[in-house]
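Structural overview
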Amino acid sequence: MVVKNISVLGSTGSIGVRTLDVIEKNRSRFRVIGLTANKNIDLLEVQIKKFNPRLVALMDEQKADQLKKRVKGCKVYGGLEGIVKVATSEEVDLVVLAIVGGRVLIPLIEAIRCKKDIALANKETMVMAGHIIMSLSLENGCKVIPIDSEHSAIFQCLDGKDTHYVKGIILTASGGPFLDRADLEDIKPSEAILHPNWQMGKKISIDSATLMNKGLEIIEAHHLFGVPVDKIKVVIHPQSIIHSMVEFVDGTLLAQLSQPDMQIPISYALTYPERIQNTVPELNMLEIGKLSFREPDLSRFPALGLAITSAHIGGSMPVVLNATDEVAVEKFLGGEIRFQEIPILIKKVMDKHQVIENPGLSEILEIDKWARLEAEKGL
Ligand SMILES: NC(=O)c1ccc[n+]([C@@H]2O[C@H](COP(=O)([O-])OP(=O)(O)OC[C@H]3O[C@@H](n4cnc5c(N)ncnc54)[C@H](OP(=O)(O)O)[C@@H]3O)[C@@H](O)[C@H]2O)c1
């Protein structure tokens, strides 16, 4: 068996920790070359002791200096350049992209330029620059394998089939914690981060509560699989057992079903095209009994509508959608705006934006910066 050399960007987060769990259970298959975090040096130190990576980076330079004094046997870098070093090191075969937000776009692009395969959890970068990421990966002969459970489901259903035969994609959504809550006034951040079926980082949990997450996933699926936006539909499926479906021209619908446990898409992205045993409880259809589906209510969850509009407009609009959403979520978590003001702030900035049709990387970075500054001004 060939040992795969891996860098995990964002190893201290929800996906990062689960990725290292999968690696730990399959030590003979993987070697950890690099780990990165933002500030969490305590957990990173524990991970360094367990996995002996050669390279480590922290976005926060001061934390990097502190960590240098605490660990031996690895190089510790600081800042974005440090994260790029961990992503592009010659020994690395596969980069797990588990940092949250658009800030990881440059390390991702550099990793692809260095011909690394990518196990992609981060969705914000695909929303910002999916056209560039996919064409660069094609040019450099590297794979982009999704970790996001919906996209992993689609990836597994397509199984390399020609998308020419695809009639449509159906993305399933749990509906988040407020699916059946009549009153969306006065929602506290502590309520919004409690997802009914998944345990995730704060940003994606809030995006799941507003349904923005599903909107970002439409754009992600469009780029990953080259399927037009109008062929991608969202269906609310509260049990989170079917992770998404692909409909083919002959009327066949393929779906991927499993327990809602990120071990499955993570391990598949690490071992593709092979599969390994996981410690996920068996899916017992008799116990589940019933799977239900319904339409998303865009009047209660306008963030999804904004994302769909942005996906249809295309060009640079998704960059604005993503940047403004990141700022709005931070503002909500910080108590500066209310839950229902998240889409209002996003729309305000989207309305000001003059769309560029096929933005290059420097334009994307400029627009991202502009949109964040506009969103920072608030409502
Ligand atoms: N969680 C899930 O189940 C799930 C499912 C599908 C897709 N995703 C996607 O995967 C990505 C990660 O999600 P998550 O839930 O794992 O997030 P998370 O728990 O918040 O973890 C984020 C990771 O990124 C690091 N980080 C945060 N800000 C950073 C910065 N400015 N520079 C460098 N590193 C930074 C964090 O380091 P510190 O610990 O030091 O802050 C941490 O390692 C997101 O794009 C999300 O949409 C997640």
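Because the structure is predicted, anything quoted here is derived from the model rather than measured.

With that settled, the discussion passes to the site of the ligand. Near the ligand you find 25 residues, and of these Thr12, Lys39, Arg103, Glu124 and Gly201 are the closest. Within the side chain of threonine 12, a nitrogen or oxygen atom sits 2.6 Å from an oxygen atom of the ligand. In the model, an oxygen atom of the ligand is placed 2.7 Å from a nitrogen or oxygen of the lysine 39 main chain. Taking 900 Å² as the accessible area of the ligand by itself, protein coverage stands at 87%. By residue class, the composition of the shell around the ligand is 11 nonpolar, 9 polar and 5 charged. The two domains that each donate at least three residues to the shell around the ligand are domain 1 (4–146) and domain 2 (150–262 + 286–313).

Quick look at the domain arrangement of the protein now. We note that the domain assignment places domain 1 (4–146) and domain 2 (150–262 + 286–313) within the protein. Computed over C-alpha atoms, the centres of domain 1 and domain 2 are 26 Å apart. Between domain 1 and domain 2, the buried area comes to about 1400 Å², and carbon and sulfur atoms account for 70% of it. The three residues of domain 1 that bury the most area against domain 2 are Lys123, Val127 and Pro146, which together make up 43% of that side's buried surface. At the junction of domain 1 and domain 2, the tally comes to 2 salt bridges. Linking glutamate 124 and lysine 203 is a salt bridge whose minimum nitrogen-to-oxygen distance equals 2.9 Å. Linking domain 1 with domain 2 are 6 residue pairs in polar contact (both at pLDDT 80 or more). Among the elements that line the side of domain 1 that touches domain 2, the one with the most residues is helix H6 (residues 124–139), at 6 residues. Grouping the constituent residues of the side of domain 1 that touches domain 2 by class yields 9 nonpolar, 3 polar and 3 charged.

Another aspect to go through is the pattern of salt bridges. A pair can form between side chains of opposite charge whenever their charged atoms are brought close. Under the counting rule described, the total for this entry stands at 29 salt bridges. Between lysine 123 and glutamate 217 there is a salt bridge, and its shortest N-O distance comes to 3.0 Å. Here the residue lysine 123 occupies a position in the loop between strand E6 (117–120) and H6, and glutamate 217 occupies one in helix H10 (residues 212–225), the gap between them amounting to 94 residues. Residue lysine 123 shares its accessibility class with glutamate 217, and that shared class is buried. In this structure, lysine 347 engages aspartate 351 in a salt bridge whose closest nitrogen and oxygen atoms are separated by 2.8 Å. Within this pair, lysine 347 and its partner aspartate 351 are both found in helix H15 (residues 341–352), separated by 4 residues, close to a single helical turn. One network of salt bridges, with partners in common, ties together Lys123, Asp148, Glu150, Lys214 and Glu217.

Scoring rules and cut-offs
- Residues numbered from 1 in each chain as written.
- Predicted model: local features only at pLDDT ≥ 70, side-chain atom pairs only at ≥ 80, totals over all residues.
- Heavy atoms only, no water.
- Near = heavy atom within 4 Å.
- Polar contact = N/O pair within 3.5 Å; in protein donor to acceptor, adjacent residues only side chain to side chain.
- Areas by Shrake-Rupley, 256 points an atom, 1.4 Å probe, with all protein chains shown as cover.
- Nonpolar A, V, L, I, M, F, W, Y, C, P; charged D, E, K, R; others polar.
- Domains from an automatic or database assignment.
- Buried area = accessible area lost by both parts, 1.4 Å probe.
- Salt bridge = Lys/Arg side-chain N within 4 Å of Asp/Glu carboxyl O.
- Helix = DSSP H or I, 4+ residues; strand = E, 2+ residues; numbered from the N terminus.
- Buried < 20%, exposed > 50% of the residue type's maximum accessible area, 1.4 Å probe, protein only.

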